[in-house]
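# Analysis of the macromolecular model
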Amino acid sequence: MERENRHIVNDHAPVISISGLFKSFGELPVLQGIDLNLYEGENIAILGKSGSGKSVLIKMIVGLLLPDKGLVTVLGQNVAALNRKALDRLRLHIGFSFQNSALYDSMNVFQNLAFPLTMNVKHLNRLQVTRAVEEALEAVGLRDKIREMPSDLSGGQRKRIGIARTLILKPKIMLYDEPTSGLDPVTSADIIELINLVQSQYHTSSLIITHDLTCAKNTANRIAMLSKGKFSKIGSFDELFVTDDDQLKAFFNYNFLQ
Ligand SMILES: Nc1ncnc2c1ncn2[C@@H]1O[C@H](COP(=O)(O)OP(=O)(O)OP(=O)(O)O)[C@@H](O)[C@H]1O
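Labelled according to an unreviewed UniProt entry, the protein chain appears under the name Phospholipid/cholesterol/gamma-HCH transport system ATP-binding protein, originating from Breznakibacter xylanolyticus.

The following block contains the structure:
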């Protein structure tokens, strides 16, 4: 299942560009000089210990937190400089896959998918909505669950439906937060396959926050290791894994034993 570790560095401007990024909370320095480019069509996994600042970084990418210093541009726009309306427009191009899937429990699968579509794309008729829902469900292999309630789905299925719900808006960027956490190895492998399918079929660029090395190894073109507020290493799985750095070795060993 291991994927080819090709580096996608193309001539286009990066879809996400982060440079010289600093963020502290009071006396607590969290990000201390982050630089990262995510290129079109690329998947980058972000690894880092609990509390290392992965979520803070994601929040700055989507404009939920402002940098103390440095620049975050998404699809060419300086996120910190956007007003509310422009930020909302930008976020329409970003799909989020949360740890808990964040489905609406009182709505069935069709309604869960139709809701963001009808909220954000006006003037669609019923047939167009139904087709879009079916297409997104087809992509995640769960077309037959269209009338089910979230409570009747497994954890892995809920995760897939959550991803389908973001795909319906055809995002350019996907942000996955711990996509395989709490899943058994077989279901994790299905989600890994789905992340790769989304990359190839929807031509997304993705950041994947994970503690799961199997997930990082099999989804990421590059892996970025967040440590002490900086990316201590960025490279392919092999470039990070084959290392003399004791701290990195300890991190890998710890995670393999989980
Ligand atoms: N709004 C905030 N106010 C104060 N401190 C915060 C805030 N948000 C995050 N922090 C602190 O910043 C640090 C990094 O938090 P963050 O949630 O980014 O970690 P993480 O790497 O995502 O961890 P995990 O893997 O456990 O989710 C933590 O010490 C956290 O307590």
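Read on for the rest.
Attention now goes to the site of the ligand. Lining the immediate surroundings of the ligand are Phe25, Leu28, Val30, Gly48, Ser50, Gly51, Ser52, Gly53, Lys54, Ser55 and Val56. Counting residues per element, the ones that place at least two in the shell around the ligand are strand 2 (28-38) and helix 1 (54-61). Sorting elements by how many residues they give to the shell around the ligand places helix 1 first, with three residues. Across the shell around the ligand, the residue classes break down as four nonpolar, six polar and one charged.

Of note in the backbone geometry, Leu75 takes a positive phi value of approximately 50° without being a glycine. With respect to the element layout, Leu75 can be found in the loop between strand 4 (69-74) and strand 5 (77-78). Exposure remark for Leu75: the 16 C-beta atoms within 10 Å place this residue in the partly exposed category. Even without being glycine, Glu178 reaches a positive phi, approximately 45°.

Our next topic: the sheet that holds strand 7 (residues 173-177). An order of 6-7-8-3-9-10 is seen for the six strands of this open sheet, with the pairing classed as mixed. A single partner strand is all that each edge strand has here, and the edge strands are strand 6 (94-97) and strand 10 (230-235). Across the sheet, the mean angle from the axis of one strand to that of its neighbour is 20°, orientation sign disregarded. Where strand 3 (residues 43-48) and strand 8 (residues 205-209) come together, four bridges link them in parallel fashion. What sits directly across from Asn43, in strand 8, is Ser206. Where helix 6 (residues 185-201) meets the sheet, it contacts strand 3, strand 7 and strand 8, and its direction lies at approximately 160° from that of strand 8.

In this section: the environment of Leu75. In sequence terms Leu75 and Glu40 are 35 residues apart; their C-alpha atoms lie 9.8 Å from each other. Apart from residues lying up to four places away in sequence, Leu75 is in contact with Val15, Leu90, His93 and Lys172.

Here we have four strands laid out as an open sheet, ordered 2-1-4-5, and antiparallel in their pairing. Strand pairing shows two members of the sheet lacking a second neighbour, strand 2 and strand 5, which therefore form its edges. By the bridge criterion, eight bridges tie strand 1 (residues 16-25) to strand 2 in an arrangement that is antiparallel. Counted as the bridge partner of Phe22 is Gln32 from strand 2.

So, about the pairing of strand 4. Regular strands show a simple pattern: their side chains alternate between the two faces of the sheet. Pairing analysis gives five bridges linking strand 1 to strand 4, with the strands arranged antiparallel. Bridge pairing links Phe22 to Lys69 in strand 4. Sheet topology note: the strand 4/strand 5 ladder contains two bridges and is antiparallel. The partner of Val74 across the bridge, within strand 5, is Gln77. Linking strand 4 to strand 5, which pair antiparallel, is a turn of two residues; within it Leu75 sits at a positive phi near 50°.

So, how was this worked out
Residues numbered from 1 in each chain as written. Predicted model: local features only at pLDDT ≥ 70, side-chain atom pairs only at ≥ 80, totals over all residues. Near = placed C-beta within 6 Å. Helix = DSSP H or I, 4+ residues; strand = E, 2+ residues; numbered from the N terminus. Nonpolar A, V, L, I, M, F, W, Y, C, P; charged D, E, K, R; others polar. Buried ≥ 20, exposed ≤ 12 C-beta atoms within 10 Å, placed from the backbone. Pairing = 2+ DSSP bridges. Axes fitted to C-alpha atoms, helices over the stretch in contact; angles between N-to-C directions. Contact = placed C-beta atoms within 7 Å.

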